[in-house]
Amino acid sequence: MSYVLLIIGFVLLIKGADYFVDGSSNIARLLQIPPILIGLTIVALGTSSPEATVSIIAAMGGNADVAVGNVVGSNIFNITIVVGMAAFLFPLKVQSETIRKEIPFTLLASIVMLVLMSDMALQGFSSNMITRGDGIIFLIFLSIFMYYVIELGLRSRQNATLTQPTENVKWGKNILITLVGLAAIIFGGDLVVDNATKIAYSLGMSETLVGLTIIAIGTSLPELVTSISAALKKESEIALGNIVGSNIFNILFVLGASSVITPIAVNDKVFIDVIIMIVLTLVLLLFSRTGFKIGKREGLMLAVAYVVYLVYVILRN
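Residues numbered from 1 in each chain as written. Predicted model: local features only at pLDDT ≥ 70, side-chain atom pairs only at ≥ 80, totals over all residues. Heavy atoms only, no water.

A. Seen up close, the overall build of the protein. Check the secondary structure of the protein and you find 11 helices and 4 strands. Taken over C-alpha atoms, the radius of gyration comes to 19 Å for the protein, in line with the 20 Å a tight globule of 317 residues would show. For the C-alpha atoms alone, the extent of the protein along its principal axes is close to 60 × 45 × 40 Å. Counting every position in the protein, which comprises 317 residues, the buried fraction comes to 55%. Within the protein, contacts between residues at least 6 apart in sequence are counted, and of these 85% link residues at least 24 apart. Counting only carbon and sulfur atoms, one obtains 70% of the accessible surface of the protein, whose full area is about 13,500 Å². (Helix = DSSP H or I, 4+ residues; strand = E, 2+ residues; numbered from the N terminus. Rg over C-alpha atoms; globule rule 2.2 N^0.38 Å. Buried < 20%, exposed > 50% of the residue type's maximum accessible area, 1.4 Å probe, protein only. Contact = heavy atoms within 4.5 Å. Areas by Shrake-Rupley, 256 points an atom, 1.4 Å probe, with all protein chains shown as cover.)

Structure (structure tokens):
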């Protein structure tokens, strides 16, 4: 039965992402704001909702390895497989603001995460924890990011000459399409995660390995299908904005909210994964600066990097 529900989950994710990209890109046109901002906010928050649900439930249930591993594993998967596959299908144009501010902000959030979880090394504590105070710091950084995005959106509406929406693009229809797509993504993501986890545990996988791989990949499927769908529709700004925004939300919102609810213990093994996440974010920034686009070659390199990482994690655990 788990395998049947897993397939149903995949179908819901794919169709939901298709509706979600169509609806959100039309809303961007109606609001007269660049699609990149929709990708950074509405699409990113929507596709990060499975990570938030899984990590908060895991933290409340005392499964700290799943809560942290889910966030770190999802971000690594997003940078490598999601960006890689989307870029391989259709080269992703990168806005100058994304290179100068948004990807560096993702890098900053990753470094802040590494610093806040390094209690033993930096403060001489007996264990590493993401405390409620750390969670509040994450949420403050999230507030700063949201303020920046809102300011950018307002400035874009005043200064940019954007395409006027056509008469057949209606508010009610596109809001409904977006909400239906988001609901299908969330429900499908839950089905995939729940049943993939059952299958993984039945095969004898450890909690840390499940968090970094099965659950991380499962909760990142909305980002994957949404970004690929956006790339195929040549909405590259939504495709890339979704990943950058999702990675920021995963660290600042998902970990922030989870740790405010209950402090999260950090497994020593995760530190290497966090460092890998930081290095891959730097690589993404470097690739973005080559001609203001991420092409097929860079996309393939990122995808290969994930395969190497996956082999490493499986052998380590």
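Having put the structure on the table, let's press on.
B. A look at the packing of helix α10 (residues 270-288) against helix α11 (residues 296-316). Running from N to C, α10 and α11 point in directions that differ by 175°, and their axes come no closer than 12 Å. In terms of their interaxial angle, α10 and α11 are classed as roughly antiparallel. For the pair α10 and α11, contact is made by Ile-272, Asp-273, Ile-276, Leu-280, Val-283 and Phe-287 and by Glu-298, Met-301, Leu-302, Ala-305, Tyr-309, Tyr-312, Val-313 and Arg-316, respectively. (Axes fitted to C-alpha atoms, helices over the stretch in contact; angles between N-to-C directions. Parallel < 35°, antiparallel > 145°, perpendicular 65-115°, else oblique.)

C. The arrangement of the nonpolar core in detail. Residues Val-72, Leu-92, Met-113 and Phe-138 are the most contacted members of the largest nonpolar core, which totals 93 residues. It is helix α3 (residues 64-89) that provides the largest number of residues to this core, a total of 14 residues. Look past the residues within four positions of Phe-138 in its chain and what remains in contact with it is Val-112, Met-113, Leu-116, Ile-130, Ile-251, Leu-252, Leu-255 and Gly-256. (Core = buried A, V, L, I, M, F, W, Y, C linked by side-chain atoms within 4.5 Å.)

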